[in-house]
Amino acid sequence: MNKKRLLIIILVFTFLLIFGIYLFNKKNKYNSLVVSNEKYEEIKQSRMESNGIKIENIKFNDYSILIDEDKNTLYYSMIDNSSKYNPTVKYDTKNYKVVVSEEITEEKVNNNNMFKLMIYDDSKYHEYNLIVTSLPILNITYEENTKKDKRIPIELYLFDNRNNAHKKVLNSRGDLNIINSDNDKKNYTFSLISESLGRNERENNVSILGMQRHSEYLLNSLYDDEEKIRNVFTTNLWNEMSFSKNDNSEYVELFINNHYVGLYSLGYNIEKETLNLKNDEFLFFKNDFVNSEEKYETTTNLDGYISYNKVLQNQIKKNIDKRQCNGANCPKIDSYKELKKYYENLLSGDIEKIKMVSNLENSADLYLLYLFTQSSSNVSAETFSNTYLAFRRNSNSYFVEFIPWNMNYTFGHIVNQENNYKENVSDNSYVMKYNPITILLELGDNDTKELVKEKYKKLRDNILSEENINKLLNNYEDKIFNSGAYLRDSLNWNKDSDNNLPNNLENFKEYVTERLKYMDEFINNL
C-alpha cells in the first residue's frame, strides 16, 4: 500500500469518525431548536407517537439534566450566566432530530411554564415536558423496596447552579433518614459516606452550596409555612446578627428516585464540630417546652434537655489515655451537673453570678432575635425550646452561649394557630424567660439595658435597616417564587385549589416592616 492510498484511507476514516461523533452527539444552541407552533404541530400530526424512541442523555451547557421517565419530564437548572436562557444543548441520538416549542424567558420560568421538547424521525416522535428552574437540584435515589423504618442507603446527586461554584456536580453515597411527621411532605436527614483506600466507610465531609464542610445534612420541607420563608430568613438573619452562628440554609428542589418532591431548605444540625467546642466543653439541646428550669434543684437530669456529651466524654477519655492517664487521675465530667450549676447561678438573683455564667453579647442577640421575629417555635410564656446551649470553658468555670434552631413559626405564624398572622404584628410578648438578659433587666441592671439598646441601634443602622431587610427578602422572593418552585411545590402537594396562596412576598415584607416599628417602640421604652 503506497503512502497516497494510506493517506486517503486515514482521511476517510477521520471524516467518518468526526461525522459519527456529530451524529451521536449533536450540539446546538437551544434557540436554534425552536420551531413555530405550526411547524411543531405539523411534525406531530404527520408521525405516530412512540415510547420506543428516547433521549438517554441530554446535556444543557455541558451538564446532564434530570429525567423523570414516569412523568416524561426533563428538569433544567439554570446556571446564572449569560447563556442561561439559551443554553448549549447536546444529545445522544441516532437518526433522530430534536425541536422545542418555545424560547426560555424569565417570565415563563417565573410562571412555571411547561416547555415541550420533541425527538422524532421520519415516521414517529416522542414528546417530553421541560421544566426550567433557577434553583439547585438535589436527587436522592434508593431501592424502592427498602424498609423506611431505618436509615436507607442512598446515592446522592446535587447540581450546584451557582455561577461561582467551583464544582457544579456532587455525587456521593450516603444514608437517608425519614423524619416522621403528620405531614405527607416529610423532612429528611442524610449523611454522606466515602470509602477509604482500605475500603472502609468513613464520613464524607463536603461543602454543599457554599456551606461549611459537613457530612450530616437536614432537609426541611417548609410545609407549615405558607410563604416558605420564615425558617430560612430567620436562620440567616441570626447568622448576620451574631458571632455564635448557625449555618445558612439554602433552597433546593428535591427529587426522590428522579421524581419531583418539592421546594426544601437544606442545612445541617448543630454539633460539637460546628461550634468548635473543645473536648471538655458541652452541648445541650432544649427540645421541649417543659419548664424544668425552675425545678433544677430537685431533678437529676433536666427534662427537655438532650445531652450531646457522651461523644465528648469519650473523646476526653481517649485524649487522656494518650497522655497515659489512669484511674483516679482521670477527671470525671458530669455535664448535667454543670447544667444545674448554670441555672443555680442564673436564678440566684446575684447580678455578678449571672454575668459570670453568660455571654451577654450572645444573650442580647438571641433576646432581640426571638422578640423581633416573634419566634413561637422557640419561646413560650413559661420557658423556651428549640435552642442549643453551648457550655464554653472560661478558666475554671463555664459560660453559656445560645444558638437558635428550627424557626418555622415566626413573624406572626403561631404554633397551633391558623395563619391569620396580620393580627399579631404588635405582639411583643416573645421574651425568653430564661435568657440572662431578661433576668438582668428584671433586676434593674442598667448596664444590661444600655447593652441591649446600643446593640439594637447598631442593628437598625445596618442588618435590621429597612434597606438591608428588603434586599434580603427580595433575594428570597426571587428564589422562592421567580424560580417557579413555589408553584411546582403547591401543585405537587394539592394546594393549587387555594386561591389565597401568595405569588410574592409583598404581605410578608409589609409585616416585617411593621414589626420593626413595634420593636423600635419596645426598645425605646425599656
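Reading the values: the criteria
Residues numbered from 1 in each chain as written. Predicted model: local features only at pLDDT ≥ 70, side-chain atom pairs only at ≥ 80, totals over all residues. Heavy atoms only, no water. Pairing = 2+ DSSP bridges. Helix = DSSP H or I, 4+ residues; strand = E, 2+ residues; numbered from the N terminus. Expected span 1.5 Å × (residues − 1). Buried < 20%, exposed > 50% of the residue type's maximum accessible area, 1.4 Å probe, protein only. Arc of directions from axis to C-beta. Contact = heavy atoms within 4.5 Å. Axes fitted to C-alpha atoms, helices over the stretch in contact; angles between N-to-C directions. Core = buried A, V, L, I, M, F, W, Y, C linked by side-chain atoms within 4.5 Å. Salt bridge = Lys/Arg side-chain N within 4 Å of Asp/Glu carboxyl O.

**Section: the pairing of strand β12 (residues 152–159)**
Taken together, the five bridges between strand β11 (residues 137–141) and β12 define a ladder with antiparallel strand orientation. Paired with Asn-139 across the two strands is Tyr-157, which belongs to β12. As paired strands, β12 and strand β13 (residues 169–179) are joined by eight bridges and run antiparallel to one another. The residue bridging Tyr-157 from the neighbouring strand is Asn-171, located in β13.

**What about helix α14 (residues 506–524)?**
In this model α14 runs 28 Å from its N-terminal to its C-terminal C-alpha over 19 residues, within 8% of the 27 Å that 1.5 Å per residue would give. Among the residues making up α14, those that are buried are Phe-508, Lys-509, Tyr-511, Val-512, Arg-515, Leu-516, Met-519 and Ile-523. Buried residues of α14, viewed axially, fall in a sector of 155 degrees; they line one side. Where α14 is buried, its residues contact α4 (230–241), α9 (360–373), α11 (446–461) and α12 (466–480).

**Here's the deal with the sheet that holds strand β20 (residues 305–307)**
Pairing within the open sheet is antiparallel, and its four strands lie in the order β20-β19-β21-β22. Of all strands in the sheet, those bounded by a partner on one side alone are β20 and β22 (397–404). Recorded for the sheet is a direction-independent mean angle of 25 degrees between the axes of neighbouring strands. The sheet contact formed by strand β19 (residues 282–286) and strand β21 (residues 387–394) spans five bridges and is antiparallel. Pairing of Phe-285 across the sheet is with Tyr-388, part of β21.

**Looking at the nonpolar core**
Counting residues in hydrophobic clusters, the biggest one holds 79 residues, and the most contacted among them are Phe-233, Leu-237, Tyr-343, Leu-389 and Tyr-476. With nine residues, α9 is the largest single contributor of residues to this core.

**Overview of the environment of Asn-470**
With respect to the helices and strands, Asn-470 occurs in helix α12. According to the relative accessible area criterion, Asn-470 is partly exposed, its value standing at 28%. When the C-alpha positions of Asn-470 and Thr-513 are compared, they lie 8.9 Å apart, and in sequence the two are 43 residues distant.

**Concerning the pattern of salt bridges**
Using the criterion set out here, one finds 26 salt bridges in the structure. Residue Lys-455 pairs with Asp-365 through a salt bridge whose shortest N-O separation is 3.1 Å. Of the two residues, Lys-455 sits in helix α11 while Asp-365 sits in helix α9, which places them 90 residues apart along the sequence. A single burial state applies to Lys-455 and to Asp-365, both of which are buried. Connected through salt bridges with shared partners, the residues Asp-225, Glu-227 and Arg-230 form a single ionic network.

**Notes on α12**
Under the 1.5 Å per step criterion, the end-to-end length of α12 is 20 Å for 15 residues, consistent within 8% with the ideal 21 Å. Those residues of α12 that fall on the buried side of the exposure criterion are Asn-468, Ile-469, Leu-472, Leu-473, Tyr-476, Glu-477 and Ile-480. Elements that come into contact with the buried residues of α12 comprise α4, β17 (250–256), β18 (259–267), α13 (485–492) and α14.

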